[in-house]
Amino acid sequence: MAVAKPESGPREVVEEYPDIKVRITVNGVEREVMVKPYERLIDVLRYKLGLLSVKEGCGRGECGTCVVIMDGHLVPSCMVLAIRANGREVVTLEGLAPEGMIHAVQKAFLDTLGVQCGFCFPGVILATKWLLDRNPDPSDEEIKDALGGQLCRCGSYLRFVEAVKLAAKYIKEGRTYFDVEDVKKELYLRG
Amino acid sequence: MINILRFNVYIPSSLEDALEFLKREGVEAAPMAGGTDLLVLMRDGVKRPRKVLDLWPLRRELAFVKRGDGWVRIGALTTIEELNASGLARDRRYLGFMDAYKQFGAPYLRAIATVGGNIGTAHPLSDVVILLLALDAEVRLVSVDGERWVPLSKLFRGKRETVLTPTELITEVRFKETPKGSSTVLLKFDRRWGHSMGYVIVGAYMHLDGGRIADVRLAFDSMGEPYPGRAFKTEDFLKGKEFRSEVISEACSNVLPREMRRIDDYRASAEYRLDLSKVLMKRALLKIKSRIEGGEAYGGS
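Along every chain, residues carry numbers that run from 1 in the direction the sequence is written. Ligands are numbered from 1 and chains lettered from A, in the order in which they are written. In keeping with the model being predicted, local features are shown solely for residues with a pLDDT of at least 70 and side-chain atom pairs are shown and tallied solely at 80 or more, while totals for entire chains, interfaces and linings include all residues. To obtain the side-chain values, all non-hydrogen atoms of the structure were used and water was disregarded.

Visitor: An account of the overall build of chain A is needed here, citing residue identities and associated values.
Guide: Helical segments are the DSSP runs of H or I of at least four residues, strand segments are the runs of E of at least two, and each set is numbered from the N terminus. Within chain A one finds six helices and nine strands. Dimensions along the principal axes, computed over C-alpha positions, put chain A at roughly 70 × 35 × 30 Å. Accessibility here uses a 1.4 Å probe with only protein chains present; expressed as a share of the type maximum, an area under 20% marks a residue as buried, one over 50% as exposed, and anything in between as partly exposed. Looking at chain A as a whole, 48% of its 191 residues are labelled buried. In chain A, once contacts between residues fewer than 6 apart in sequence are set aside, the share between residues at least 24 apart is 56%. Where accessible areas are quoted, they stem from the Shrake-Rupley method and a 1.4 Å probe; at the residue level, only the protein chains shown are allowed to cover. Looking at chain A as shown, the accessible area adds up to about 9,700 Å², and 51% of this sits on carbon and sulfur atoms. Contacts between residues were defined by any pair of non-hydrogen atoms, one from each residue, lying within 4.5 Å.

Visitor: I'd love a proper account of the interface of chain A and chain B, names of residues and values included.
Guide: The accessible area lost on association of the parts is a frequent measure of interface size. Residue-level contacts link 38 residues of chain A with 34 residues of chain B. Accessible area that two parts lose when put together, evaluated with a 1.4 Å probe and summed over both, is termed the buried area. For the pair chain A and chain B, the summed buried area comes to about 3,000 Å², and 57% of that belongs to carbon and sulfur atoms. When the buried area of chain A at its contact with chain B is split by residue, Tyr38(A), Met79(A) and Arg84(A) rank highest and sum to 25% of it. Any carboxyl oxygen of Asp or Glu within 4 Å of a side-chain nitrogen of Lys or Arg constitutes a salt bridge here. Our enumeration of links across chain A and chain B arrives at five salt bridges. Between Arg43(B) and Glu56(A) there is a salt bridge whose closest N-O contact spans 3.1 Å. The term polar contact refers here to a pair of N or O atoms within 3.5 Å; inside protein, the definition further demands a hydrogen-donor-capable atom paired with an acceptor-capable atom, and it admits residues adjacent in sequence only when both atoms are side-chain atoms. Here chain A and chain B share 13 residue pairs in polar contact (both at pLDDT 80 or more) between them. Looking at the side of chain A that touches chain B, the elements with two or more residues in it are helix 1 (41-48), strand 6 (73-76), helix 3 (121-134) and helix 4 (140-146) of chain A. Considering each element in turn, the side of chain A that touches chain B owes the most residues, four residues, to strand 6 of chain A. Each residue receives one of three labels: charged for Asp, Glu, Lys and Arg, nonpolar for Ala, Val, Leu, Ile, Met, Phe, Trp, Tyr, Cys and Pro, and polar for the others, Gly being one of them. Partitioned by chemical class, the residues of the side of chain A that touches chain B number 19 nonpolar, seven polar and 12 charged.

Visitor: Run through the sheet that holds strand 7 (residues 89-91) of chain A, naming residues and quoting values.
Guide: Residue and element names in this part refer to chain A. In short, DSSP must find at least two bridges between two strands for them to pair. Overall, mixed pairing links the five strands, which are arranged 4-3-7-5-6 in an open sheet. Both edges of this open sheet fall to strand 4 (29-35) and strand 6, since each of them pairs with a single strand only. Taken pair by pair, the neighbouring strands of this sheet meet at an average axis angle of 40°, ignoring direction. Both strand 5 (residues 67-70) and strand 7 contribute to a ladder of two bridges, which runs antiparallel. By the bridge assignment, Met70 is partnered in strand 7 with Val90. Only the contacting stretch of a helix is used when fitting its axis, a line to C-alpha atoms as for every element, and angles between N-to-C directions run 0 to 180 degrees. Helix 1 rests against strand 3 (20-26), strand 4, strand 5 and strand 7 of the sheet, and its axis sits at about 110° to strand 4. On top of the sheet, helix 3 reaches strand 5, strand 6 and strand 7; it is set at about 30° to strand 5, its chief contact.

Visitor: Describe in detail helix 1 of chain A, supporting the description with residues and values.
Guide: Among all positions of helix 1 of chain A, only Leu41(A), Ile42(A), Asp43(A), Val44(A) and Leu45(A) are buried. Tucked into the core, helix 1 of chain A has its buried residues touching strand 3, strand 4, strand 5 and strand 7 of chain A.

Visitor: I'd like to hear about the domain arrangement of chain A, residue by residue, with values.
Guide: All names here are of chain A. The split into domains, and so the bounds of each, comes from an automatic or database assignment of domains. What the domain assignment reports for chain A is domain 1 (20-95) and domain 2 (101-187). Centre-to-centre separation of domain 1 and domain 2, based on C-alpha positions: 22 Å. Across the contact, 16 residues belong to domain 1 and 14 residues belong to domain 2. In this assembly, domain 1 packs against domain 2 so that about 1,200 Å² is buried in total across both faces, 67% of it on carbon and sulfur atoms. The largest per-residue losses of area from domain 1 upon contact with domain 2 belong to Lys55, Leu74 and Leu93, which jointly make up 42% of the total buried on that side. In this structure, the connection of domain 1 to domain 2 is made through zero salt bridges. Our count for the contact surface shared by domain 1 and domain 2 stands at three residue pairs in polar contact (both at pLDDT 80 or more). Secondary-structure elements contributing two or more residues to the side of domain 1 that touches domain 2 are strand 5 and strand 6. Among the elements that line the side of domain 1 that touches domain 2, the one with the most residues is strand 5, at three residues.

Visitor: A description of the packing of helix 2 (residues 104-111) of chain A against helix 3 of chain A should follow, citing residues and the corresponding values.
Guide: Residues and elements named next belong to chain A. Between helix 2 and helix 3, the least distance of the axes is 9 Å, while the angle of their chain directions is 120°. What the angle tells us is that helix 2 and helix 3 run oblique. Considering the relative orientation of helix 2 and helix 3, their crossing is right-handed. Two secondary-structure elements touch here, helix 2 through Val105, Gln106 and Phe109 and helix 3 through Phe121, Val124, Ile125, Thr128, Lys129 and Leu132. Partitioned by chemical class, the residues of the contact of helix 2 with helix 3 number six nonpolar, two polar and one charged. Should an angle fall under 35 degrees it is called roughly parallel, over 145 degrees roughly antiparallel, and 65 to 115 degrees roughly perpendicular, with every other angle called oblique. In a left-handed crossing the near helix is turned counterclockwise from the far helix by less than a right angle, and in a right-handed crossing that turn is clockwise.

Visitor: Now, about the pattern of salt bridges: what can you tell me, with residues and values included?
Guide: The full count for this structure, using the stated rule, is 48 salt bridges over all chains. Residue Lys36(A) pairs with Asp19(A) through a salt bridge whose shortest N-O separation is 3.6 Å. Of the two residues, Lys36(A) is situated in the loop between strand 4 and helix 1 and Asp19(A) in the loop between strand 2 (13-14) and strand 3; the sequence distance between them amounts to 17 residues. Put simply, Asp136(B) and Arg230(B) hold a salt bridge, and the shortest N to O gap is 3.4 Å. Of this pair, Asp136(B) sits in the loop between helix 8 (127-134) and strand 6 (138-143) while Arg230(B) sits in strand 14 (residues 229-230), and the two are 94 residues apart along the sequence.

Visitor: Give me the environment of Tyr227(B): which residues, what numbers.
Guide: Looking at the element boundaries, Tyr227(B) is found in the loop between strand 13 (212-220) and strand 14. Excluding residues that lie within four positions of it along the chain, Tyr227(B) makes contacts with Pro124(B), Phe156(B), Arg157(B), Gly158(B), Asp221(B) and Ser222(B).

This is the structure in structure tokens:
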């Protein structure tokens, strides 16, 4: 209920915001979260569920850093209220591959050195995954359209196209997942 | 965690429920379709509604593209993605929707931005609205007290202002099926391809009968007012004339500037905008002609 403050001057109304229970299937696991009506999906995923791959770039649907796949649609999680995700299925970068494995898209971006600083990458990889789910053999034009909303300050755009094609090739060959240890050895990665 | 702004959300169970809510709280509430514009405005503090009416649950009723009885009807909550998936743009006459789709933001915005939201937010640089304007669309406004159809060309009153009362909702937009031998186009001139607002946007519809312009409608992002408008005088000049380069040139360089007033701002000068408008209008008409004649289906601006 709205409660008016008794002081004179501009009347401030103190509004109460109820907690709303939402059920979201995140990366295959059903989670029940209490959210405020004004909270966005990114707030829930990043700060309540600890999925740190979901990053807030611009917060206004322009940069594509926070995108997640919701019911097969690529959506910016900063532009979707958490209550709208109720009963829906959300996939973030963490859910792309089983424990100890990485997805073909991730491998392809490592192979082509498409990743520079890596900030924009959760979004880029999800957009690629979304594209390849709908279109296993995209043309250059289709790749550019699908990744057109992913801003990369390092300017790896040309390598994006290369990487998406390589990922498509891997998936077509049936190599959807790669063992992390093997990839580390192959690419001389530490850590 | 950045809280855009604190607000309560009302989740309606049906369209009637939503309309009842607006009747009770209309002035303090903001209806939200896709939210791609409203959430940004709220983040910037431009709009500070105490309550938000979530329209997403109404998609069961209001997300559709239907054709029949000589009309094309598009539900207000149809997303840009669904509009494209409906196959409307596969019809050569409505290729303009393909232009609008390709130039519309990014894939992740197309998944949540809606046709009704684009109309309701009344931003002058909305591609879909300009195309619908060229198709002479009308908008269905519904409130508890009844409904009315308003032509899109009479809907806007200012930048982000429409004739909607706080109790009304946009539920549908419709336009008459266009005759054979006609087509549409949407051209935008921009700093970069897609994902940003254009300097000049033109939406055009033309019906060619033999070599004669039987009907033509031209919509620009602005004719002088801060909202999209039609170039009525230029249309009148072109109607009934032969489609020849002298006629088109005359219309672009002499008739259009007489009725169009452009503004100077930090993005572009009025002179530049007017010049672009002339060029884009010419390109639009030529492109429609080639579309009618079965030429290229789709190409950039």
